[in-house]
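An overview of the molecular structure
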Amino acid sequence: MSTRLFKQDCGLLMHPSSLPNQFGIGDFGPCALRWVEQLAAHGQTLWQILPLNPAGYGDSPYQGLSAFAANPVFLSPEDLHARALLDDQELLALRMPLHSRVDFAQVYANKAELSSRAARKFFALPAAHPLRSEYADFLATQDDWLQDFAIFSALKAHFNRVAWTDWPAEFRDRNPKALQEIAIKLDSELQRVCFEQFILRLQWSRVQQRAQDLGVRLVGDLPIFVAHDSADVWCQPELFRLNADGSPSVVAGVPPDYFSATGQLWGNPLYDWEAHRREDFGWWRQRLSRILSWVDVVRIDHFRGFDACWEVPGGAETAAAGHWIPAPGREVFDAFVTDHGLPLPVIAEDLGVITPEVEKLRDDYNLPGLRIEQFAFGTDPMSSTFLPENYAPNCVAYTGTHDNDTVVGWFSSQAGEGSTRTAKEIEAERAMALGYFASDGSEIHWDFIRSLYRSRAGASIVPVQDILGLGSEARMNTPGKASGSWAWRLTMTKRLDEALQHLETLTRETARGRAAHRGAVPLR
């Protein structure tokens, strides 16, 4: 068996939130099933998503309220209606016009109402009902994280969504007697949270099964750090470097780079690696196993943090004052291999300041790294490694990621607008790209995609915005921007159909995707 994860695979990057439906945000229901079917029908073998965890600050999936829970905004009203947990009028009342951006405030309100109504009907079912039996099994198998997340969520709602460090001391410090008493008071809310996680698991399992049946692998995303205001830090503060009041003594970030002249101050607490070592990295092992029960392959965001982390003093205003500290990545990955064998179903996001030590850690476990085509045309000394002709078979190549501008947006960008590049640098990159592709730039997105699919990369993945040729208005995230990201939605279905037809032709011509996998499910 090959030790590589990918063999001329290809697919699209789109978070479930961007899927089109009538309920304000994409979810785990029929829209996700249709998307998997569209990918398969057009020869693609990969669907990459962002983290599925409950989003925290700024609606960011990279600031999750839990590393183990799923985001309730992905609850499918249509699925709950099919299970008779919503009636016709309740379903109709949840409909929202399909806009190009998620109205998170309205969606949060709608999904809370949805889960409350459905939970009341669910818990009114007789105990012998098949769905209640499945629920009992779910509680038994998820007990290692679910109850802690439920009480965290209930308390967060009870205390008006403030951070756990601002809760009364007995709850901030997890006083057992106080928690026992409040759990009785908040029992219905605890049950609702557990019900949400149960239904989310059922709904996503249908998506997983459909993807497996059609030969589409799901590529998930695991942020290396967790949010400070999360169930993980509140429940196990000993695993993180915190002050006595629970605030982080040091936080994570990255030094000044392509995206920001002062670096990126993420604010996530850093790990107490000695504490993790004493528990044989049990929290990390549980975390990877959990996400691999939801997806087939996982991209570990900021992989270089397993070799060294950028440590910034707590309370610093920018990341510029930070420094690198070592991390025990080899010990962690040895534990992963013990649990999951080789090849590990892991992609290493190896962008940024990459040292020989980081490369060795990646290569010793034969993990595919990333290549970003947009980075090929700048002044970075490593820019030539991002040219498609230089891609190695054991890499995953992208036109851009969720953090990049779209290809059209990048090509049309202006200095000072979401970019650290000067006008002169932008013009030089644009000229270099036109020369490289021998193109007039009228279809610059397809110039990028064609060269990506023709490369030797083991997998080529394109954000769906790029096959549509959309500009900066469709960008998913602008690093360093406090709000306004993560909201883009797909609305142009006719244009999508045409783009997918074009992509299918390219996929066949380059012998990628389904064409590279003999014995796969037929295209049609």
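Residues numbered from 1 in each chain as written. Predicted model: local features only at pLDDT ≥ 70, side-chain atom pairs only at ≥ 80, totals over all residues. Heavy atoms only, no water.

Selection criterion: UniProt positions are given in the numbering used here, feature names are shortened, and annotations may be inferred rather than shown by experiment.
Per an unreviewed UniProt entry, the recorded name for the chain is 4-alpha-glucanotransferase, and the organism is Thalassobacterium maritimum. Among the UniProt annotations of the chain, the heading Catalytic activity (unreviewed entry) holds the following wording: "Transfers a segment of a (1->4)-alpha-D-glucan to a new position in an acceptor, which may be glucose or a (1->4)-alpha-D-glucan." What UniProt records for the chain under Sequence similarities (unreviewed entry) is the sentence "Belongs to the disproportionating enzyme family."

**Quick look at the confidence of the model for the chain**
Reading predicted coordinates in detail is not appropriate for stretches of low pLDDT. The line we're drawing: Across the chain, each position has a pLDDT score giving the predictor's confidence in that residue, from 0 to 100. Note on definitions: a residue-residue contact is assigned when non-hydrogen atoms from the two residues lie within 4.5 Å.
Averaged over all residues, the pLDDT of the chain equals 95, while 97% of them reach at least 70. Note that residues 519-524 has pLDDT below 50 and, in this model, 16 contacts with residues that lie over four places away or in other chains.

**Thoughts on the nonpolar core**
As a reminder, the rule being used: Nine residue types can take part in a nonpolar core, namely buried Ala, Val, Leu, Ile, Met, Phe, Trp, Tyr and Cys, and a core is a set of them joined through side-chain atoms within 4.5 Å. Any residue under 20% of the maximum accessible area for its type is buried, any over 50% is exposed, and the rest in between are partly exposed; the area is computed with a 1.4 Å probe on protein chains only. Comment: elements are numbered from the N terminus, with helices defined as DSSP H or I runs of at least four residues and strands as E runs of at least two.
By size, the foremost hydrophobic cluster in this structure holds 165 residues, and its most contacted members are W47, L155, W284, F306, F333 and I467. For this core, the element with the most residues is helix α9 (residues 187-214), which contributes 12 residues. Setting aside anything within four residues of it in sequence, one finds F333 in contact with I300, F303, F306, L344, V346, Y365 and L367.

**Observations regarding the sheet that holds strand β3 (residues 217-223)**
Within a beta sheet, neighbouring strands are joined by backbone hydrogen bonds and run either parallel or antiparallel to one another. What counts is decided by this rule: Two strands pair if DSSP finds at least two bridges between them. The angle between two axes is taken between their N-to-C directions and runs from 0 to 180 degrees, where each axis is a line fitted to C-alpha atoms and a helix contributes only its stretch in contact.
In space, the 8 strands of this open sheet follow the order β9-β6-β3-β2-β1-β12-β11-β10, with parallel pairing throughout. Looking at strand neighbours, the two that pair on one side only are β9 (346-348) and β10 (369-372), the edges of this open sheet. Direction aside, the axes of adjacent strands within the sheet are offset by 25° on average. Bridge analysis of strand β2 (residues 46-48) against β3 gives 3 bridges, and the strand direction is parallel.

**What about the pattern of salt bridges?**
To keep it simple, the criterion reads: A pairing counts as a salt bridge when a side-chain nitrogen of Lys or Arg comes within 4 Å of a carboxyl oxygen of Asp or Glu.
Taken as a whole, this structure holds 29 salt bridges when the rule is applied. Note that D79 and R206 form a salt bridge whose closest N and O atoms lie 3.8 Å from each other. Of this pair, D79 sits in helix α2 (residues 77-82) while R206 sits in helix α9, and the two are 127 residues apart along the sequence. Taking relative accessible area as the criterion, D79 reaches 7% and is therefore assigned buried. Overall, the relative accessible area of 47% leaves R206 in the partly exposed class. A salt bridge links D148 to R174; the nearest nitrogen and oxygen atoms lie 3.5 Å apart.

**Concerning the sheet that holds strand β7 (residues 308-313)**
Pairing is antiparallel across the open sheet formed by 4 strands, whose spatial order is β5-β4-β7-β8. Only two strands of the sheet have a single neighbouring strand rather than two, namely β5 (264-269) and β8 (323-326). Mean inter-strand twist for the sheet, computed between neighbouring axes without regard to direction, equals 50°.

**Section: unusual backbone geometry**
For the peptide bond that leads from L342 to P343, omega is -5°, which places it in the cis range. Within the secondary structure, P343 sits in the loop between α13 (329-340) and β9. Its identity is not glycine, yet R174 carries a phi of approximately 60°, on the positive side. Here R174 lies in the loop between α7 (169-172) and α8 (176-185).

**Examining the packing of aromatic side chains**
The cut-off we apply is this: Here is the rule: rings of Phe, Tyr and Trp (six-membered ring for Trp) pair when centre to centre is within 6.5 Å. Planes less than 30 degrees apart are stacked, more than 60 are edge-to-face, and the remainder are tilted. For a Lys NZ or an Arg CZ to count as sitting over a ring, it must be within 6 Å of the ring centre and within 35 degrees of the ring normal.
Applying the stated criterion to the full structure yields 47 aromatic pairs. With a centroid separation of 6.2 Å and 55° between ring planes, the pair formed by F225 and W266 is classed as tilted. Of this pair, F225 sits in the loop between β3 and α10 (231-235) while W266 sits in strand β5, and the two are 41 residues apart along the sequence. Taking the relative accessible area as the measure of exposure, F225 reaches 5% and is therefore buried. The positively charged end of R132 is found above the aromatic ring belonging to F122, 5.4 Å away from the centroid. Here the basic side chain of R201 rests over the ring of W294, its NZ or CZ set 4.3 Å away from the ring centre.

**Quick notes on α9**
Convention followed: For a helix, the expected span equals 1.5 Å multiplied by the number of residues minus one.
Here α9 contains 28 residues, and its C-alpha end-to-end distance of 41 Å stays within 8% of the 40 Å for a straight helix at 1.5 Å per residue. G215 occupies a position one or two residues after α9 and carries a positive phi of about 75°.

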